[in-house]
Amino acid sequence: MKLKKQVTVCGAAIFCVAVFSLYLMLDRVQHDPARHQSGGNFPRSQISVLQNRIEQLEQLLEENHEIISHIKDSVLELTAHAEGQPALPHHTSNGSWVLPPESRPSFLSVSPQDCQFALGSKGQSPDLQMLAVYSLLPFDNQDGGVWKQGFDITYEPNEWDAEPLQVFVVPHSHNDPGWIKTFDKYYYDQTQHILNSMVLKMQEDPRRRFIWSEISFFSKWWDNISAQKRAVVRRLVGNGQLEMVTGGWVMPDEANSHYFAMIDQLIEGHQWLEKNIDTDSSTDIFCHMMPFYSYDVPHTCGPDPKICCQFDFKRLPGGRINCPWKVPPRAITEANVAERAQLLLDQYRKKSKLYRSKVLLVPLGDDFRYDKPQEWDAQFLNYQRIFDFLNSQPNLHVQAQFGTLSDYFDALYKKVGIVPGMKPPGFPVLSGDFFSYADREDHYWTGYYTSRPFYKSLDRVLEAHLRGAEILFSLALAHARRAGADGTYPLSDYALLSNARRNLALFQHHDAITGTAKEAVAVDYGVRLLHSLTNLKHIIINAAHYLVLGDKDTYHHDPAAPFLIMDDTRPSQDSLPERTVVKVDVSPRFLVVFNPLEQERLSVVRVLVNSPHVRVLSEEGQPLPAQLSAHWGSDTDTVPDIYQVSVLARLPALGLRVLQLHKSFEGHAALQSSVRLYLPGLNLPMRRQEPVPVHVLPAGAEDVCLENQHLRACFSGHSGLLQSIRRAGEEREQRVSSEFLVYGTRASKDKSGAYLFLPDGEAKPYAPNDLPVVRVTEGPLFSEVASYYQHVQTVVRLYNVPGVEGLSLDVSCLVDIRDQINMELALRFSTDIDSEDTFFTDLNGFQIQPRRYQRKLPLQANFYPMPTMAYIQDRQSRLTLHTAQALGVSSLGSGQLEVILDRRLIQDDNRGLGQGLKDNKRTCNRFRILLERRTAASQAQDGRPISFPSLLSHITSVHLNAEALVMPVAQEKPAPPPLRSFTPLSTTLPCDFHILNLRMLQAEQDESLPSAEAALILHRKGFDCSLEAKNLGFNCTTSQGKLALGSLFQGLEVGSLQPTSLTLMYPLGTASNSTNIHLDPMEIATFRIRLG
């Protein structure tokens, strides 16, 4: 009774708060000065403001109504179930499974102010929106004369009389950390020579400049040079001759990389620079665009490559490369300097006409340039002669010199008369992006969005493990230090963690995750990724071992005999994971389950066991709902003596849950699944007597439907493919039919390759040689339909659980096209959503970009990168395809979403790689399909060039990308020491907050050891409130961006908290004693934090 009273009082209090907040909003709208009448006449602007306010108020009323009804439902359910133990699933009379109501119901409470961001009431309006620019551009590919894709540029000779032209020539060398050669081969063959020569040649003349970007190479070189040479480098950086630009571990790909990995590689580079070079740093969002075809010397001095090539002095006659335009460079002498300088100045002047200032940036370099001392001399001596001549002629009105990016931007800021870093007047603000890209004709670089999907998937698996290992290592070390036990904790794990950061960072390079490197280089990346994945599993095991021990004094780290076993293993870098089989016995086998999410999750945890007679208990010995299934080795055969147990477990946020497995022939054993196997060509049904019975039936003509309390999904009996989805409470089924399609490549000389997608027309239906085997599994916790085709096996699973996992369909596609020639396999979803020509894709998992199908462009131009999600919508519905790996996506017709699963291409596409894509692997692509109902309030946003996922969509994405890790305790007999679940957070994090990372920083003296400080990186997500968010399975509240960090970590104190720049290069403000922070929507904030 006491609990019931408490619940009722709590519910009433929340109800009152909600009503009061609604009153305040009404009051605020009522007293808005924009609404005051003036003599009874409303100006038009005030009418539109009033309409806006009314729409917002309608939405707020609707949201408050929902909040109150959710609270009411939650209070009622909580009162009804608070005193009971969690009940187990049971069969109903009609044969379906019913899961009892959750013993701990959840509620959603979103602050109305938190909904305003997606409505666009704040923020600066851009001057240029790329979606609008694309609709205006004719894309007519006219011949632009010497500048093939441009136009003739003219100028008047006296244009610079009042204000001279300032030219900064920026020498650079673009070093790919792997492409045609491996990272190490490039270093030994070229990069080390470039950097060694740089040290010598830059000292010869203080006017020389050089910029460098890739810290992966620079750090390797640094480890191999003398202290004397390091001092020279620091001096060159200090006096501005050598400049580190961007300073990431690599130059990351912008299409396929996830924002976690992009930030992490930036931190890795910046932290290395801070520790070793100790230099000032600054960031800016003021951008420079390169207008011509390429970043090489022929395409950077001006519009005419035939002339610019004559000023690439590496191509002087007698060298290994020459100018394709048949006019070679000439060494600069007293006799020809006037004529040569005038020719070059003409190009500089023409290029400057494309910009808004009389300050000009001219890059001078190319891939792996300056690898020989002779090239340094040829470029620097000849250019200096030209500069000396130009600068000595006042009538030319030009000042030319070598420069760095800082030199250029500082001069530009000075010219416009403002402090560097401020928004310069007269320069436009642009929003949007530049996908998709063609370098000539209709050669769109949209193939690499999918190329080598096996490694794109492995990248994300490693990323999820790295984040999990970082957080668990940081927490374990903080607890060990607080207990004075850090002497026994394996600090050597930090070196493995650092190595994993660098291997993940290396793979973000724009020829690695893109799938555009040579086959041998792809193998080298794969070996590095797998090596680090294995190490990260060990780090997680070691941290989990310490944290779940009931008595920490018994902790003993034995590298030869780990306390926990890995959840899966990969025999080689190109193999799929093989899950660990747990041997069960009458004495309990313990499992430790790690939830890497910052929210509590109700998940179905899957384990392979060696017996069908098994039951699962909680840490306290209470039986947990579990489902027994066969483990399938092929389409028709099960693996003998291996079974899958799926258990429904509530996992603490960022925590560890201890479970027990028992061999049991009595009650409370796992409930069996039922299996129907539909075989084409079979005439008579059969029943296979196995521990999990299998009914073998002729191929079915009738549709198959799966259902839980939220969704009903129906599949074709013939194909086994999804046909429709119906949400609970809706009468109408939504058509969501899936089909596999095939693209070929052109018959002409230009064909698809690693970079380019050049299809031979529209996709054709996939027509395998044989009809598919279809297998339907039904059970209390999940049901699924599996379809086995010749080149793809697809499984669509519906979880029968409350919460996030039961609100979407889990889809996996195991693809194997190794026997095909010039084939690209696509999966298309067709719906009756009236999306017209608009669809939405994410950029790096961070934000959503609206797209429009451009009929004036070829098919391949309408594909876009999809690192985490894509969706289509109309006034009633939104269908989101969530993905666990980056792939190419499009919507080629209204109501369609189409994703390319894999591509096998026999030929090179003439972009420098010199190979096709013939090293395909068996690849598992994983997705979630989420169908959401939209409310009327959302329609005001549809015309705007911005969109946001719902909270449910955000959480679905992280569930898919950060799976729970199941680690069996290695020790069987005697029983292991007492274990206790670990719950690190003392309060629930607002559900629009994401802990991007908790990353231990390296010690000052020894970079292989951790310091006492960590980087806490938080991201507050922007979300759309106009999509329903019920039954999330955890208490979801928002807090208008406020978070009390001081009380967040249970059993740990926040010793210090310093806001910093994103990569910790400089503090933001002064450190204060307060541990209360605030983030705006979409903001990522980094804090230097000390836990103990």
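Quick note: structure is the one above.
Description of the structure in this document.

The rules we used
- Residues numbered from 1 in each chain as written.
- Predicted model: local features only at pLDDT ≥ 70, side-chain atom pairs only at ≥ 80, totals over all residues.
- Heavy atoms only, no water.
- Pairing = 2+ DSSP bridges.
- Helix = DSSP H or I, 4+ residues; strand = E, 2+ residues; numbered from the N terminus.
- Axes fitted to C-alpha atoms, helices over the stretch in contact; angles between N-to-C directions.
- Polar contact = N/O pair within 3.5 Å; in protein donor to acceptor, adjacent residues only side chain to side chain.
- Contact = heavy atoms within 4.5 Å.
- Buried < 20%, exposed > 50% of the residue type's maximum accessible area, 1.4 Å probe, protein only.
- Salt bridge = Lys/Arg side-chain N within 4 Å of Asp/Glu carboxyl O.
- 1 Å grid on protein atoms, 1.4 Å probe; cavity = no way out; pocket = protein on both sides within 12 Å on 5 of 7 lines; lining within 4 Å.
- Points joined across faces, edges and corners; volume = space filled by probe spheres on them.
- Nonpolar A, V, L, I, M, F, W, Y, C, P; charged D, E, K, R; others polar.
- Core = buried A, V, L, I, M, F, W, Y, C linked by side-chain atoms within 4.5 Å.
- Patch = residues over 30% accessible without salt bridge, like charges linked within 9 Å, V, L, I, M, F, W, Y side chains within 5 Å.
- Areas by Shrake-Rupley, 256 points an atom, 1.4 Å probe, with all protein chains shown as cover.

Focus on the sheet that holds strand β16 (residues 614–618)
If you trace the four strands from one edge of the open sheet to the other, you get β16-β19-β14-β42, paired in antiparallel fashion. Of all strands in the sheet, those with a lone pairing partner are β16 and β42 (965–968), marking the two edges. Neighbour-to-neighbour, the strand axes of this sheet turn through a mean angle of 30°, independent of strand direction. Sheet topology note: the strand β14 (residues 589–594)/strand β19 (residues 656–663) ladder contains six bridges and is antiparallel. For Val593, the partnering residue across the bridge sits in β19 and is Arg657.

As for the side chain of Asn175
Relative to the helices and strands, Asn175 is located in the loop between β5 (165–174) and α4 (183–202). A polar contact of 2.8 Å, which involves the side chain of Asn175, links it to the side chain of Thr191. Excluding its chain neighbours within four sequence positions, the residues that come into contact with Asn175 are Thr191, Ile194, Trp212, Glu214, Phe217 and Phe368.

Considerations on the pairing of strand β27 (residues 734–743)
For a regular strand, side chains alternate in direction, first toward one face of the sheet and then toward the other. Counting buried positions over the ten residues of β27 gives eight, a clear majority of the element. Two elements, strand β26 (residues 722–727) and β27, share two bridges in a ladder whose sense is antiparallel. In the sheet register, Ile725 faces β27, and the bridge partner there is Gln734. Connecting β26 to the next strand, β27, in antiparallel fashion are six residues, including Gly729 with a positive phi near 85°. Sheet topology places β27 next to strand β33 (residues 823–831); eight bridges connect them, and they run antiparallel. Looking at β33, one finds that Ser737 is bridged to Ser830. As judged from the two bridges shared by β27 and strand β28 (residues 764–765), these two strands associate in the antiparallel manner.

Considerations on the pattern of salt bridges
Pairing between side chains becomes possible if they bear opposite charge and their charged atoms approach one another. Overall, the coordinates contain 55 salt bridges when judged by the stated rule. The salt bridge partner of Arg207 is Asp205, with a shortest N-O separation of 3.0 Å. Judged by relative accessible area, Asp205 falls into the buried class, the value being 13%. Between Arg330 and Glu339 there is a salt bridge whose closest N-O contact spans 3.6 Å. You can call Arg330 partly exposed: its relative accessible area is 41%.

Considerations on empty space enclosed by the protein
In the structure shown here, the tally under the stated rule is 16 cavities of 30 Å³ or more. In this structure, the largest cavity occupies an estimated 370 Å³ of space. Every residue lining the largest cavity is counted, 25 residues in all, and those nearest its centre are His258, Tyr259, Val958, Asn961 and His994. Broken down by secondary-structure element, the contributors of at least two residues to the lining of the largest cavity are α7 (259–276), α12 (453–482), β35 (847–852), α15 (951–961) and β43 (993–1002). Grouping the constituent residues of the lining of the largest cavity by class yields eleven nonpolar, nine polar and five charged.

Section: the nonpolar core
Of all hydrophobic cores here, the largest spans 209 residues; its most connected members are Met198, Phe218, Tyr348, Leu656, Phe740 and Leu825. For Leu825, the contacting residues outside a window of four places in its chain are Phe740, Leu741, Val742, Tyr766, His791, Val792, Val815, Ile817, Val899, Ile900, Leu901 and Asp902. Membership of the second largest hydrophobic core comes to 33 residues, among which are Val616, Ala649, Ala670 and Val795.

Re the sheet that holds strand β49 (residues 1084–1091)
With antiparallel pairing, four strands are arranged side by side in an open sheet as β43-β44-β49-β47. Here the strands that pair on one side only, and so sit at the sheet edges, are β43 and β47 (1054–1060). Taking the axes of each pair of neighbouring strands and ignoring which way they run, one obtains an average angle of 25° across the sheet. Across the face of the sheet, α7 comes into contact with β43, β44 (1010–1020) and β49 while running at roughly 25° to β43.

Here's the deal with a nonpolar patch on the surface
Taken together, Leu128, Met289, Leu430 and Phe434 make up a surface patch of nonpolar side chains, about 360 Å² in accessible area. If you trace the backbone, Phe434 turns up in the loop between β10 (430–431) and α12. For Phe434, a relative accessible area of 43% puts it in the partly exposed group.

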